[in-house]
Amino acid sequence: MSATTPTTTGLRADARIPLRGHLRHTGALIRRNLLWIRQDPESMFDAVLFPIVFTLLFVYVFGGSIGQSLGGGQEAYVQYIVPGLMAMMGMNMAQGVGTGFNQDFNTGVMDRFRSLPIGRGSVLFAKISVEMVRMLIATAILMVVGVLVGFDITDWPGLFAAVGLSAVFGSALMWIFLTLGVVMKNAQSVQAMGFLVLMPLQFGSSIFAPTQSMPGWLETFTEYNPLSALADAARGLMVGGPVAHDLWMTLAWSVGITAVMAPVAIHKFRTKS
């Protein structure tokens, strides 16, 4: 009974907190996380360097050869890869929320939160909100670098719609990594598990190259890969092309992942001893 009493007490206290209280607690925790980033600017290195390094790497190393398969050169590949990297951004930023959450557990920060009369869900929503800010910063840097290497923005409403779609999908993935952050023993385990999941999804998609030249079994995999749907939807919105099917597929994946993983993450967090 002694092992379950704190959890039961926390669940009852959480249920008594009104919505306004949850929102106030979430806002306070968002401010706390933003202040932590200000005190530790190195935590922003991935959000700042990732879009720069990947854009320059793929444009100048692979742009010429893959661009020829697109019927152009490096310029054609820039128009192809930048929307794809935007789709990739949410997935990579989502991994950070899992490692950060796990570190908070291992350093005792979560024990402090549990001792406070705050909504347990507020801790999770605050983490997701701050990671969304980091993802938007990374996306802004990606677009700046993309324009510098030749990306042509012709549809501003489409651009903002693509950013919003990437944010929706990225927020859904964060629930998966929040769950990993709770159940895994350390941040290294979360990173390793994320790497094993992310790499096949990223490279087995249409993010970096067209899928027509892939083996038949791999091309079939890419058709059901949510990253392919997100990348193709972003391209359609930003540079023109069919959008409806990939848009609805991305939204369906986002809703499905959130519906399944959000309750799991919240339950695991509330019951973790």
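Everything quoted here is computed from the prediction, not taken from an experiment.

**Some thoughts on the overall build of the protein chain**
- In terms of helices and strands, the protein chain carries eleven helices and zero strands.
- Listing each helix as α and each strand as β along the protein chain from the N terminus yields α-α-α-α-α-α-α-α-α-α-α.
- What you see for the protein chain is a C-alpha radius of gyration of 20 Å, in line with the 19 Å of a compact globule of 273 residues.
- Across its three principal directions, the C-alpha atoms of the protein chain cover 65 × 40 × 35 Å.
- Counting all 273 residues of the protein chain, 48% fall into the buried class.

**Points about a nonpolar patch on the surface**
- Taken together, F45, V48, L49, V53, L57, V61 and F62 make up a surface patch of nonpolar side chains, about 590 Å² in accessible area.
- In this fold, L57 is placed in helix α3 (residues 45–69).

**Remarks on the UniProt feature "transmembrane region" (unreviewed entry) in the protein chain**
- Following the UniProt record, one finds the feature "transmembrane region" (unreviewed entry) at residues 44–63, 159–183, 190–209 and 247–266.
- As annotated, residues 190–209 has a helix share of 70% and a strand share of 0%, and its two end C-alpha atoms lie 28 Å apart.
- In the segment residues 247–266, helix accounts for 100% and strand for 0%; the C-alpha atoms at its two ends are 28 Å apart.

Thresholds, definitions, all that
- Residues numbered from 1 in each chain as written.
- Predicted model: local features only at pLDDT ≥ 70, side-chain atom pairs only at ≥ 80, totals over all residues.
- Heavy atoms only, no water.
- Helix = DSSP H or I, 4+ residues; strand = E, 2+ residues; numbered from the N terminus.
- Rg over C-alpha atoms; globule rule 2.2 N^0.38 Å.
- Buried < 20%, exposed > 50% of the residue type's maximum accessible area, 1.4 Å probe, protein only.
- Patch = residues over 30% accessible without salt bridge, like charges linked within 9 Å, V, L, I, M, F, W, Y side chains within 5 Å.
- Areas by Shrake-Rupley, 256 points an atom, 1.4 Å probe, with all protein chains shown as cover.
- Salt bridge = Lys/Arg side-chain N within 4 Å of Asp/Glu carboxyl O.
- UniProt positions renumbered as here; feature names shortened; annotations may be inferred.

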